[in-house]
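Here's the letter readout for the chains.
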Amino acid sequence: MQASARYDFDTVVDRRGTWCVQWDGVADRFGVDGLLPFTISDMDFETAPEVLSALRTRLDHGVLGYTSWQQDDFRAAIAHWYGTRYGTELDTSRLVYAPSVLSQLSQLLQMWTAEGDGVVVHTPTYDGFRKAITGLGRELRGVPVGDTEALERELARPDAKVLVLCSPHNPTGRVWTEPELVETAALAARHGVAVISDEIHADFVHEGHRHVPWARVAGEGRWAVISSASKAFNFPALTGSYGIIGDPADRAEFLRRMETAEGLASPAVLSLTAHIAAYREGGEWLDAVRAYVRDNLALVAERLNTAFPELSWEPPQAGYLAWIDLRPLGVDDEALQRALIEREKVAIMPGAVYGAEGFLRLNVGCPRSKVEAGVEALIRALGAVR
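Source: prediction; values computed, not measured.

1. Regarding the overall build of the chain
A count of helical and extended segments in the chain gives 15 helices and 11 strands. For 386 residues, the compact-globule formula gives about 21 Å, and the C-alpha radius of gyration of the chain, at 21 Å, lands near that figure. Considering only C-alpha atoms, the chain reaches an extent of 60 × 55 × 40 Å along its principal axes. The burial tally for the chain puts 54% of its 386 residues in the buried class. Long-range contacts, defined as pairs at least 24 residues apart, comprise 76% of the intrachain contacts of the chain with a sequence gap of at least 6. Accessible surface computed for the chain: about 16,400 Å², of which carbon and sulfur atoms make up 49%. Separation between the mean location of the 38 positive side-chain charges and that of the 53 negative ones in the chain comes to 1 Å.

2. Concerning the sheet that holds strand E9 (residues 321-325)
The strands making up a sheet associate through hydrogen bonds between their backbones, and the pairing can be parallel or antiparallel. What the 4 strands build is an open sheet, ordered E1-E10-E11-E9; its pairing is mixed. Strand pairing shows two members of the sheet lacking a second neighbour, strand E1 (36-38) and E9, which therefore form its edges. Taking each pair of neighbouring strands and ignoring which way they run, the sheet shows an average axis angle of 35°. Note that E1 and strand E10 (residues 346-350) share 3 bridges and pair parallel. Its bridge partner being in E10, Pro37 is matched across the sheet by Ala347. Of the strands in this sheet, E10 and strand E11 (359-363) are in contact with helix H14 (residues 333-343), which crosses E10 at around 155°. Contacts from helix H15 (residues 368-385) reach E1, E9, E10 and E11, with the element oriented near 90° to E1.

3. Looking at H14
Turning to H14, its buried residues are Ala335, Leu336, Gln337, Ala339, Leu340 and Ile341. Structurally, H14 contributes buried residues whose contacts are with helix H2 (26-30), E10, E11 and H15. Its side-chain oxygen at 3.2 Å from the backbone nitrogen of Glu334, Asp332 defines the N-terminal cap of H14. Lys345 sits one or two residues past H14 and shows a positive phi near 60°.

4. Brief notes about the state of the cysteines
According to the stated counting rule, one finds 0 disulfides in the structure shown. Its sulfur unpaired, Cys366 is 12 Å from the next cysteine sulfur, which belongs to Cys20.

5. Some points on the environment of Phe30
With respect to the helices and strands, Phe30 occurs in helix H2. Residue class for Phe30 comes out buried when judged on its relative accessible area of 12%. Distance from Phe30 to Ile341, taken between C-alpha atoms, is 7.7 Å for residues 311 residues apart in sequence. Aside from chain neighbours lying at most four places away, what touches Phe30 is Leu35, Thr39, Gln337, Ile341, Ala347, Ile348 and Met349.

6. Here we look at the environment of Ala114
Tracing the sequence through the fold places Ala114 in the loop between helix H5 (101-112) and strand E3 (118-123). A relative accessible area of 39% places Ala114 in the partly exposed class. Separated by 184 residues in the primary sequence, Ala114 and Ala298 have C-alpha atoms spaced 45 Å apart.

7. Regarding the pairing of strand E6 (residues 194-198)
E6 sits mainly inside the fold: 5 of its 5 residues count as buried. By the alternation rule, side chains of E6 split into Ala194, Ile196 and Asp198 and Val195 and Ser197, which are all buried. Pairing of strand E5 (residues 160-166) with E6, which is carried by 5 bridges, proceeds in the parallel orientation. Bridge pairing in E6 places Val162 opposite Ala194. Between the parallel elements E5 and E6, the chain passes through helix H8 (residues 178-190) in a crossover that is right-handed.

8. Notes on the packing of aromatic side chains
Across all of its chains, the model carries 17 aromatic pairs by this definition. For the ring pair Phe9 and Trp285, a centre distance of 6.1 Å and an interplane angle of 65° mean the geometry is edge-to-face. With Phe9 in the segment before helix H1 (21-24) and Trp285 in helix H13 (residues 283-307), this residue pair connects regions lying 276 residues apart in the sequence. Look at Trp81 and Tyr279: their rings are 4.8 Å apart centre to centre, the planes differ by 15°, and that puts the pair in the stacked class. Taken together, the residues span a long stretch of sequence, with Trp81 in helix H4 (residues 72-86) and Tyr279 in helix H12 (residues 269-281) at a distance of 198 residues.

9. Observations regarding the side chain of Thr67
Along the chain, the position of Thr67 falls in the loop between helix H3 (49-61) and H4. By relative accessible area, Thr67 is classed as buried at 19%. Of note is the side chain of Thr67, whose polar atom sits 3.0 Å from the backbone oxygen of Gly65.

10. A look at the pattern of salt bridges
Between side chains of opposite charge, a pair can form when the charged atoms approach closely. According to the stated counting rule, one finds 27 salt bridges in the structure shown. Between Lys370 and Asp44 there is a salt bridge, with the nearest N and O atoms lying 2.6 Å from each other. Placement of the pair is Lys370 in helix H15 and Asp44 in the loop between E1 and H3, with a sequence separation of 326 residues. A single burial state applies to Lys370 and to Asp44, both of which are buried. Glu207 serves as the salt-bridge partner of Arg294, at 3.9 Å between the closest nitrogen and oxygen. Here Arg294 is found in helix H13, whereas its partner Glu207 is found in the loop between E6 and helix H9 (214-217), with 87 residues between them in sequence. Under the relative-accessibility criterion, Arg294 is labelled partly exposed at 30%.

Quick notes on the rules
Residues numbered from 1 in each chain as written. Predicted model: local features only at pLDDT ≥ 70, side-chain atom pairs only at ≥ 80, totals over all residues. Heavy atoms only, no water. Helix = DSSP H or I, 4+ residues; strand = E, 2+ residues; numbered from the N terminus. Rg over C-alpha atoms; globule rule 2.2 N^0.38 Å. Buried < 20%, exposed > 50% of the residue type's maximum accessible area, 1.4 Å probe, protein only. Contact = heavy atoms within 4.5 Å. Areas by Shrake-Rupley, 256 points an atom, 1.4 Å probe, with all protein chains shown as cover. Lys, Arg positive; Asp, Glu negative; His and termini not counted. Charge placed at Lys NZ, Arg CZ, Asp CG, Glu CD. Pairing = 2+ DSSP bridges. Axes fitted to C-alpha atoms, helices over the stretch in contact; angles between N-to-C directions. Polar contact = N/O pair within 3.5 Å; in protein donor to acceptor, adjacent residues only side chain to side chain. Disulfide = S-S within 2.5 Å. Right-handed = clockwise from strand over helix to strand, strands pointing away. Phe/Tyr/Trp six-rings, centres within 6.5 Å; stacked < 30°, edge-to-face > 60°. Salt bridge = Lys/Arg side-chain N within 4 Å of Asp/Glu carboxyl O.

Encoded structure:
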């Protein structure tokens, strides 16, 4: 039996009225209730049945007291995943825990930078990075994805302290090759810049591409990986993330800050449970949902390119977020958003959120019927505003 035949991704799960940001919070960003949303990066699928089973078993125990993340089951599950998925041996003594990847990013920036320091990111840029960096009073410095010369220029500036690497890249879905990562590590080391690699999208790399963990190429420079199973296995509401910090002193300082200044010594037990089940038992489900999403992306490409051949749009190398360059059509971004919202009643993230006019980010982590409705609405809206 094929893995995809074991799981049902076509059935629509009604998420309305569940305090869901994508569905119930659509008016907060788009000003209108009741839109069909293709927005925030979570999926409309139930998480893996293996994860749900583990959560039910844990709840059946009935006691939900203070918990420790520093135990063998959690650490060994992460090491197992890195070994079996990425062929990378992980030193579990380097692991840390935090409520989210962005909370880790904030702590590391406070450890490794001061107000006014430069933090380098690739553009377009995930808006969570922008908020974290500028909110701490650091200067965000963007370099276009793939522009090595611009990257070195920014890293060479005397006050550049950190490179925030999104691997794979959000929103473009770009998967960095091992030679690219090795070169980036060398540039960062040469200029004394620390690297924070956000690898939360790593488990959703599509066929023909391969994620290389930063922990494998980092070398001796100052570095950290921040990640979570919550993106690929769709349980962000449980909170919880883990990190890998190269330097023992940095690792100790991070843990001290989390346990004292932040008061986060006890993690969310259900997050630990979900991580262990996902990384020990959820691989088959993940392969199936990734294949389903790959077909969703292929559908978007076929429909868009048939309607507008000049787009020649290709699916991303990773993830369930279709990053669509609409500049060949010459449409006005504001007019397109009005058509999508007022005429078609759909919500699709404008590229301006990520610093890229003329683009859209369309979430296709959902049943195919919803994808079809979304892409046809987009085609009609584009036709109306051209």
